[in-house]
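One-letter residues, chain by chain:
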Amino acid sequence: MMHVCRKFEISLRFLCLAVVGVMSTPAIALSHGVQIRSQATPAIQIQATYDSGEPMAGAQVQVYSPIDPENALFTGTTDEAGRYLFVPDRSGDWELSVRQAGHGQITVIPISEAGVDPSEFTNSTGLTPLQRGVVVGAVIWGCVGTALYFRRGKY
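Everything quoted here is computed from the prediction, not taken from an experiment. (Residues numbered from 1 in each chain as written. Predicted model: local features only at pLDDT ≥ 70, side-chain atom pairs only at ≥ 80, totals over all residues. Heavy atoms only, no water.)

Considerations on the packing of aromatic side chains
By convention here, two paired aromatic rings are described through the distance between centres and the angle between planes. Counted according to the given criterion, the structure contains 4 aromatic pairs. A ring pair is formed by F74 and F86, whose centres lie 6.1 Å apart and whose planes are at 45°; its orientation type is tilted. Here F74 is found in strand β4 (residues 72-77), whereas its partner F86 is found in strand β5 (residues 83-86), with 12 residues between them in sequence. Here F86 and W94 contribute two aromatic rings whose centre-to-centre distance is 5.9 Å and whose plane-to-plane angle is 40°, an arrangement assigned as tilted. Through a chain of ring-to-ring contacts, the aromatic side chains of F74, F86 and W94 assemble into a single cluster. (Phe/Tyr/Trp six-rings, centres within 6.5 Å; stacked < 30°, edge-to-face > 60°. Helix = DSSP H or I, 4+ residues; strand = E, 2+ residues; numbered from the N terminus.)

This is how it looks when you write it as structure tokens:
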């Protein structure tokens, strides 16, 4: 009986430490999202960064024309600051994909006859409060399950 109580006590301590650790972890550490910004110049310049602000240096870029959204018109990689330039040859919705090591983002940049609509386009994503709640809930659920597993005893 003493052995089972000791396992339960260890599991309960682990659960408490895990909950405190998850709750004190900054939101940036929970996710490695991506931000893509574009700026109107003679060409369209995008800058891809992780949520932490670190540039996505050397990320694979594919740009799709509004006329042929199935085949990339431009392909390349971002520079050390996460920037990539391309020159659209017509107005319409240009789709842009940036990927690196399992992280990435796809965005649409609307181009009019005058240039980018609006003059500066930003597409940034992070974890919403609901997504953060789901992550915290999943960790707590896993810790409770682990504690109950060790509490069950031997048959």
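What about helix α3 (residues 129-151)?
Owing to its 3.6 residues per turn, the α-helix aligns residues three or four sequence positions apart on the same side. Taking 1.5 Å as the rise per residue, α3 with 23 residues should run 33 Å; its terminal C-alpha atoms sit 33 Å apart, in good agreement. Taken together, the buried positions of α3 are occupied by V136, C143 and A147. (Expected span 1.5 Å × (residues − 1). Buried < 20%, exposed > 50% of the residue type's maximum accessible area, 1.4 Å probe, protein only.)

As for the pattern of salt bridges
Applying the stated criterion across every chain yields a total of 2 salt bridges. The residue R83 makes a salt bridge to D79 at a minimum N-O spacing of 3.1 Å. Judged by its relative accessible area of 24%, D79 is partly exposed. R90 is paired through a salt bridge with D89; the nearest N and O atoms lie 3.0 Å apart. (Salt bridge = Lys/Arg side-chain N within 4 Å of Asp/Glu carboxyl O.)

Comments concerning the pairing of strand β6 (residues 92-100)
Note that strand β3 (residues 60-64) and β6 share 5 bridges and pair antiparallel. Opposite V63, over in β6, you have L96 as the bridge partner. Bridge analysis of β6 against strand β7 (residues 103-112) gives 9 bridges, and the strand direction is antiparallel. Each bridged residue has a counterpart across the sheet, and for W94 the counterpart in β7 is I109. In textbook terms, the turn of a hairpin is the stretch between consecutive antiparallel strands, and for β6 and β7 this stretch comprises 2 residues, one of which, A101, has a positive phi near 50°. (Pairing = 2+ DSSP bridges.)

Looking at the nonpolar core
Counting 17 residues, the largest nonpolar core has I36, I46, M56, V63, F86, L96 and V98 as the members making the most contacts within it. Secondary-structure elements contributing two or more residues to this core are β1 (34-40), β2 (44-50), β3, β5, β6 and β7. Sorting elements by how many residues they give to this core places β2 first, with 4 residues. Beyond its immediate chain neighbours, meaning those up to four positions away, M56 contacts V34, A48, T49, Y50, T78, D79, G82, V98, R99, Q100 and H103. (Core = buried A, V, L, I, M, F, W, Y, C linked by side-chain atoms within 4.5 Å. Contact = heavy atoms within 4.5 Å.)

A short note on unusual backbone geometry
Phi is mostly negative for residues that are not glycine, and the peptide bonds are mostly trans. Not every positive phi belongs to a glycine, and A101 is a case in point at roughly 50°. With respect to the element layout, A101 can be found in the loop between β6 and β7.

What about the confidence of the model for the protein?
Mean pLDDT over the protein works out to 77, with 66% of the residues at or above the 70 mark. Mean pLDDT across the elements of the protein ranges from a minimum in helix α2 (residues 27-30), with 51, to a maximum in β3, with 94. (pLDDT = per-residue confidence, 0-100.)

Focus: the side chain of T78
With respect to the secondary-structure elements, T78 resides in the loop between β4 and β5. The class of T78 is buried, set by a relative accessible area of 5%. Side-chain polar atoms of T78 contact the backbone nitrogen of G58, separated by 3.1 Å. Among the polar contacts listed, one links the side chain of T78 to the backbone nitrogen of A59, at a separation of 2.9 Å. With residues up to four places along the chain from it excluded, the contact list for T78 reads M56, A57, G58, A59, V61, R83 and Y84. (Polar contact = N/O pair within 3.5 Å; in protein donor to acceptor, adjacent residues only side chain to side chain.)

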